[in-house]
Amino acid sequence: MKAIEEVLKEVAERLKDNYPYGDPLYAGQMLKPPHEVARLAYELALKLNPNNHALDGGRASSAMEKEAVAALARMIGWGTHLGHLCGGGTMANLEALWIAGQLHPGRTILASAQAHYTHQRIAGVLGLPFETIPCDRAGRMDVQALERRLAAGGVGTVVATMGTTATGAVDPLAAIVDLRRRFDFRIHADAAYGGYFLLVDNLVDETRLAFEFLRDAASVVIDPHKHGLQPYGCGCVLFQDPAVGRLYYHDSPYTYYTSTEMHLGEISLECSRPGAAAVALWATQRLLPLVPGGEFAQGLAAGRAAALDLHRRIRGDQRCVTGTAPELDILVWAPRAKRVSDASVLSKRIFDEAARRQLHLALVTLPVHLIDVQEMQRDRDTIICLRSVLMKPEHRAWTDKIWTILDSATAAALEKR
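The numbering scheme is per chain: residues are counted from 1 as the chain's sequence reads. Given that this is a predicted model, residues contribute local features only at a pLDDT of at least 70 and side-chain atom pairs are listed and counted only at 80 or more, while totals for whole chains, interfaces and linings are drawn from all residues. The basis for every side-chain value is the complete set of heavy atoms in the structure, and neither hydrogens nor water enter the calculation.

Trainee: Help me understand helix α9 (residues 275–287) in this model?
Mentor: Three- or four-residue spacings in an α-helix give side chains the same orientation, since the helix completes a turn every 3.6 residues. Its 13 residues place the ends of α9 19 Å apart at the C-alpha level, agreeing with the 18 Å of an ideal helix rising 1.5 Å per residue. Within α9, ten of the 13 residues are buried, which leaves it mostly tucked inside the rest of the structure. Every buried residue of α9 is listed here: G275, A276, A277, A278, V279, A280, L281, A283, T284 and Q285. Elements are defined by DSSP. Helices are runs of H or I of four residues or more, strands are runs of E of two residues or more, and each kind is numbered from the N terminus. One less than the residue count of a helix, multiplied by 1.5 Å, gives the span that helix is expected to have. Summary of the burial criterion: residues with accessible area below 20% of their type's maximum are buried, those above 50% are exposed, and those between are partly exposed, where the area comes from a 1.4 Å probe applied to protein chains only.

Trainee: Sorry, what's going on with the packing of helix α10 (residues 295–315) against helix α12 (residues 395–415) here?
Mentor: The N-to-C vectors of α10 and α12 enclose an angle of 25 degrees; their axes lie 9 Å apart at closest approach. Between α10 and α12, the angle is such that the two are roughly parallel. You can see that α10 and α12 cross each other, and the crossing is right-handed. Taking contact as the criterion, the partners of A302, A305, A306, D309, L310, R313 and I314 in α10 are, on α12, H395, R396, T399, D400, I402, W403 and L406. Polarity classes work like this: nonpolar for Ala, Val, Leu, Ile, Met, Phe, Trp, Tyr, Cys and Pro, charged for Asp, Glu, Lys and Arg, and polar for all others, with Gly in that last group. Within the contact of α10 with α12, the residues separate by chemical class into eight nonpolar, two polar and four charged. Angles shown run from 0 to 180 degrees and are taken between the N-to-C directions of axes, each axis being a line fitted to C-alpha atoms and, for helices, limited to the stretch in contact. Our angle categories are set so that under 35 degrees counts as roughly parallel, over 145 as roughly antiparallel, 65 to 115 as roughly perpendicular, and the remainder as oblique. Crossing handedness is read from the near helix: turned anticlockwise from the far helix by less than a right angle, it gives a left-handed crossing, and turned clockwise, a right-handed one. Note on contacts: a residue pair qualifies if any of its non-hydrogen atoms lie within 4.5 Å across the two residues.

Trainee: How should unusual backbone geometry be read in this particular structure?
Mentor: The residue after Y232, namely G233, is reached through a cis peptide bond having omega -10 degrees. Mapped onto the elements of the fold, G233 is located in the loop between β6 (219–222) and β7 (235–239). Here the phi dihedral of L229 falls at roughly 65 degrees; this positive angle occurs in a residue that is not glycine. Tracing the chain through its elements places L229 in the loop between β6 and β7. Take L229: its relative accessible area is 12%, and that puts it in the buried class.

Trainee: Where do I start with the nonpolar core in this structure?
Mentor: Across soluble globular proteins, you tend to see nonpolar side chains buried next to one another. Only buried Ala, Val, Leu, Ile, Met, Phe, Trp, Tyr and Cys residues count toward a nonpolar core, and they belong to the same one when joined by side-chain atoms within 4.5 Å. Counting 61 residues, the largest nonpolar core has M162 and L173 as the members making the most contacts within it. Ranked by residues supplied to this core, first place goes to helix α3 (residues 59–76) with seven residues. Beyond its immediate chain neighbours, meaning those up to four positions away, L173 contacts A160, M162, I187, A210, F213 and L214.

Okay, here's the thing in structure tokens:
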């Protein structure tokens, strides 16, 4: 039998086969290291390995989960709420749309064409009709198109994406709330990525207004394992009306006997859930409270400032074309070329050249109308772009280095044409 030390050495060797996710030069996908206090609190909780389904398996960690989730609800602006942690945004959105389907059975779910693909998949799992609404040139839901579809009737829920995965666009939630005054539908806000930007003071006015209207949504999803400095997986679903808890009722004759208090399994579709995730989130929020202008909020603002800085540099470079300025901390761009198809090929080359120089970006396929392609021949409807997520606070101090490498990588890719 192998010794623990020997096995762990093998584990360490295997884990070398990864990108350097925690490094500031990793600026590709939505990957942000958990805070040290989250890691330590998680490990401490694993000594007990609590299960937050029932108080039998996680008495202390269940209480900590309720407190941590309540802090997220207060951030939105809710004094009362119902909510719990989930394995991630997909499960959290599933629960929100399940509730929506229970309240409006058979009615259509609407989301923007740039919403996360899981909404359509979830609707399929739940047996609910689903349709997409076109986006404007900024990648946000087109309000006029939404109004026309609402007027046709049969809509149960509109999903507002508060930070799309591809570009970080924020749907115009204030306008969607205004439409609800004339049409009968629920609003679900998928703020899995962008929810914490409620605390940030360097958003443009239109985006700030959208986040302020989160309080008017019926349900909200936030992923602490994205911007909340948590290990994967830690998502959260919140409902403004605690009365939806009646829809979760189930007969479980073998549990819920240890206390008359609410067990989290009584308001969740999931059964076994890691109490360690709740302990880690609670500890992080104790160290870094969710307040505007606080240390946590400043970290988010730093990442956004880095994205604005890099976007400014790229936009001023005649070799590149860009989308709209970042609403959060995600930016997209493409190399200038004769044809859109040529630009797509060059994007892949720049991606490879940047990686050779230890700068790790991402690629994304977007509708051409989301990028200012200017005089390029539009020989296809989509364009492969470079995408960067500058979500680490350290990125603000590293934009000079990132730009230097990107400049070199772009030059090398263009020379190979």
